[in-house]
Amino acid sequence: PSFINFRGPQGTFPAIFFYELQSQKILPTIFKDKTILLNLEDQESEPLATPVGDLSPAEILGNMIDNILLNRWISAIPLWVS
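Treat the numbers as computed from the prediction; the structure is a model and nothing was measured.

Undergrad: Outline the overall build of the protein chain, supporting the account with residue identities and numerical values.
TA: A count of helices and strands for the protein chain gives two helices and two strands. In summary, the protein chain has a C-alpha radius of gyration of 16 Å against a globular reference of 12 Å for 82 residues, an excess of more than 25%. On the principal axes, the C-alpha backbone points of the protein chain span a range of 55 × 30 × 20 Å. Looking at the protein chain as a whole, 15% of its 82 residues qualify as buried. Here the contacts in the protein chain between residues at least 6 apart in sequence split such that 68% fall between residues at least 24 apart. Total accessible area computed for the protein chain in this model is approximately 7100 Å², and 60% of it derives from carbon and sulfur atoms.

Undergrad: How would you summarise the pattern of salt bridges if you had to cite specific residues and measurements?
TA: Any two side chains of opposite charge can pair, so long as their charged atoms come close to each other. Counted according to the given criterion, the structure contains two salt bridges. Here Arg72 and Asp66 are joined by a salt bridge, their closest N and O atoms 3.0 Å apart. The structure contains a network of salt bridges with shared partners spanning Arg7, Asp66 and Arg72.

Undergrad: If you had to explain unusual backbone geometry to someone new, which residues and values would you point to?
TA: Located in the positive-phi region is Asp33, a residue other than glycine, with phi close to 60°. Note on placement: Asp33 falls in the loop between helix 1 (18-22) and strand 1 (48-50). Within the chain, Asn71 stands out as a residue other than glycine whose phi angle is a positive 50°. Looking at the secondary structure, you find Asn71 in the segment after helix 2 (57-70).

Undergrad: Give a detailed account of the environment of Asp66, specifying residues and quantitative values.
TA: Summarising the element assignment, Asp66 is placed in helix 2. The sequence separation of Asp66 and Ile77 amounts to eleven residues, and the corresponding C-alpha distance is 21 Å. Ignoring anything within four residues of it in the chain, the contact list for Asp66 reads Arg7, Phe13, Asn71 and Arg72. A polar side-chain atom of Asp66 sits 3.0 Å from a polar atom in the side chain of Arg72.

Thresholds, definitions, all that
- Residues numbered from 1 in each chain as written.
- Predicted model: local features only at pLDDT ≥ 70, side-chain atom pairs only at ≥ 80, totals over all residues.
- Heavy atoms only, no water.
- Helix = DSSP H or I, 4+ residues; strand = E, 2+ residues; numbered from the N terminus.
- Rg over C-alpha atoms; globule rule 2.2 N^0.38 Å.
- Buried < 20%, exposed > 50% of the residue type's maximum accessible area, 1.4 Å probe, protein only.
- Contact = heavy atoms within 4.5 Å.
- Areas by Shrake-Rupley, 256 points an atom, 1.4 Å probe, with all protein chains shown as cover.
- Salt bridge = Lys/Arg side-chain N within 4 Å of Asp/Glu carboxyl O.
- Polar contact = N/O pair within 3.5 Å; in protein donor to acceptor, adjacent residues only side chain to side chain.

This is the structure:
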């Protein structure tokens, strides 16, 4: 089995709120060459306990996508090594 290789604690992946986009405080160039996750829930989700501390479901998903794109999964070492 593969396990999530967390990048770091809460805030490792930047979050931008929708009202910041609407107010045009954020330049569109900030999104160039980035993977964007949109959280369309009205309320913040309850944080979940992880080895690096409490993370929101969106941050956990971000870590999972990071693992998929960069093949960073934690996996068991080969038997010949141990």
